[in-house]
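Spelled out from the first residue to the last, the chains are:
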Amino acid sequence: MITFNWTIAAAERAVSLNGLQDVIKTIHWRYIGTDENGITAETYGATSVGDPNPEDFTPYDGITEADVIGWLESILGIVPETLPEEEVKASELDNMKSNIENQIALLINPVMITGPLFGEAILTGP
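Residues numbered from 1 in each chain as written. Predicted model: local features only at pLDDT ≥ 70, side-chain atom pairs only at ≥ 80, totals over all residues. Heavy atoms only, no water.

## So, the overall build of the protein
A count of helical and extended segments in the protein gives 2 helices and 3 strands. The order of helices and strands in the protein, counted from the N terminus, is β-β-β-α-α. In terms of overall size, the protein is more extended than a compact globule, its C-alpha atoms giving a radius of gyration of 21 Å where 126 residues would be expected to give roughly 14 Å. Its C-alpha atoms give the protein principal-axis dimensions of about 65 × 55 × 30 Å. Here the protein holds 126 residues, and 21% of them are scored as buried. For the protein, the share of sequence-separated contacts (at least 6 apart) that also reach a separation of at least 24 residues comes to 52%. Accessible surface for the protein amounts to roughly 9100 Å². Of this, 54% is attributable to carbon and sulfur atoms. Here the protein contributes 5 positively and 20 negatively charged side chains, and the mean placements of these two sets differ by 5 Å. (Helix = DSSP H or I, 4+ residues; strand = E, 2+ residues; numbered from the N terminus. Rg over C-alpha atoms; globule rule 2.2 N^0.38 Å. Buried < 20%, exposed > 50% of the residue type's maximum accessible area, 1.4 Å probe, protein only. Contact = heavy atoms within 4.5 Å. Areas by Shrake-Rupley, 256 points an atom, 1.4 Å probe, with all protein chains shown as cover. Lys, Arg positive; Asp, Glu negative; His and termini not counted. Charge placed at Lys NZ, Arg CZ, Asp CG, Glu CD.)

Here you go:
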């Protein structure tokens, strides 16, 4: 089983937006998966959070990590709309989890390896 965790790397903020001050606009994050043996893989990205609702705006200094993670999971967890004849699409969050699961599987059972072409690498110089 893989456990998933967020690391918030940074937040881009507007100094002023629609009468509000210090408004988070973009969150830079890492999404990390770790299996039961401690093998990890991750993906990194940045997500725009859109304009805030002035009626429930929380000032920057009042925002918690849990708030930010909630925003990310809400935004990235949206399942794209499909037409009735189309196959249901996965959310971006589900795709990220699948990608991390695949990365870990390849670390456990690699299908490609990289190494020197002819024995040990030889360093030459002037």
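## Quick look at the packing of aromatic side chains
In this structure the tally under the stated criterion is 3 aromatic pairs. Ring centres of W6 and Y31 lie 4.3 Å apart, and the angle between their planes is 45 degrees; this geometry places the pair in the tilted category. Of this pair, W6 sits in strand β1 (residues 2-17) while Y31 sits in strand β2 (residues 20-35); the two residues are 25 residues apart in sequence, bridging distant segments of the chain. Directly above the aromatic system of Y60 lies the positively charged group of R13, at a separation of 3.8 Å from the ring centroid. It is K97 that lies over the ring of F4; its NZ or CZ is 5.7 Å from the centre. (Phe/Tyr/Trp six-rings, centres within 6.5 Å; stacked < 30°, edge-to-face > 60°. Lys NZ or Arg CZ within 6 Å of the ring centre and 35° of its normal.)

## Side note on the pairing of β2
As defined by bridge partners, β1 adjoins β2 across 14 bridges and the pair is classed as antiparallel. Within β2, the residue paired with A11 across the bridge is I27. Once β1 ends, the chain turns through 2 residues before running back antiparallel as β2, passing N18 with a positive phi of about 50 degrees. Summarising the sheet, β2 and strand β3 (residues 40-48) pair through 9 bridges and their orientation is antiparallel. Across the sheet, Y31 pairs through a bridge with T43, a residue of β3. (Pairing = 2+ DSSP bridges.)

## Describing unusual backbone geometry
Even without being a glycine, N18 presents a positive backbone phi close to 50 degrees. Counting through the fold element by element, N18 comes out in the loop between β1 and β2. Even without a glycine there, the phi angle at D22 is positive, about 55 degrees. Following the sequence through the fold, D22 ends up in strand β2. According to the relative accessible area criterion, D22 is partly exposed, its value standing at 27%.

## Things to note about the pattern of salt bridges
Going through the model one piece at a time under the given rule, you end up with 3 salt bridges. For D22, the salt bridge is made with R13, and the minimal N-O distance between the two is 2.5 Å. Here R13 falls in the partly exposed class, since its relative accessible area comes to 38%. Note that R30 and E42 form a salt bridge whose closest N and O atoms lie 2.7 Å from each other. Of the two residues, R30 is situated in strand β2 and E42 in strand β3; the sequence distance between them amounts to 12 residues. In this structure E42 comes out as partly exposed when scored by relative accessible area, which is 36%. (Salt bridge = Lys/Arg side-chain N within 4 Å of Asp/Glu carboxyl O.)

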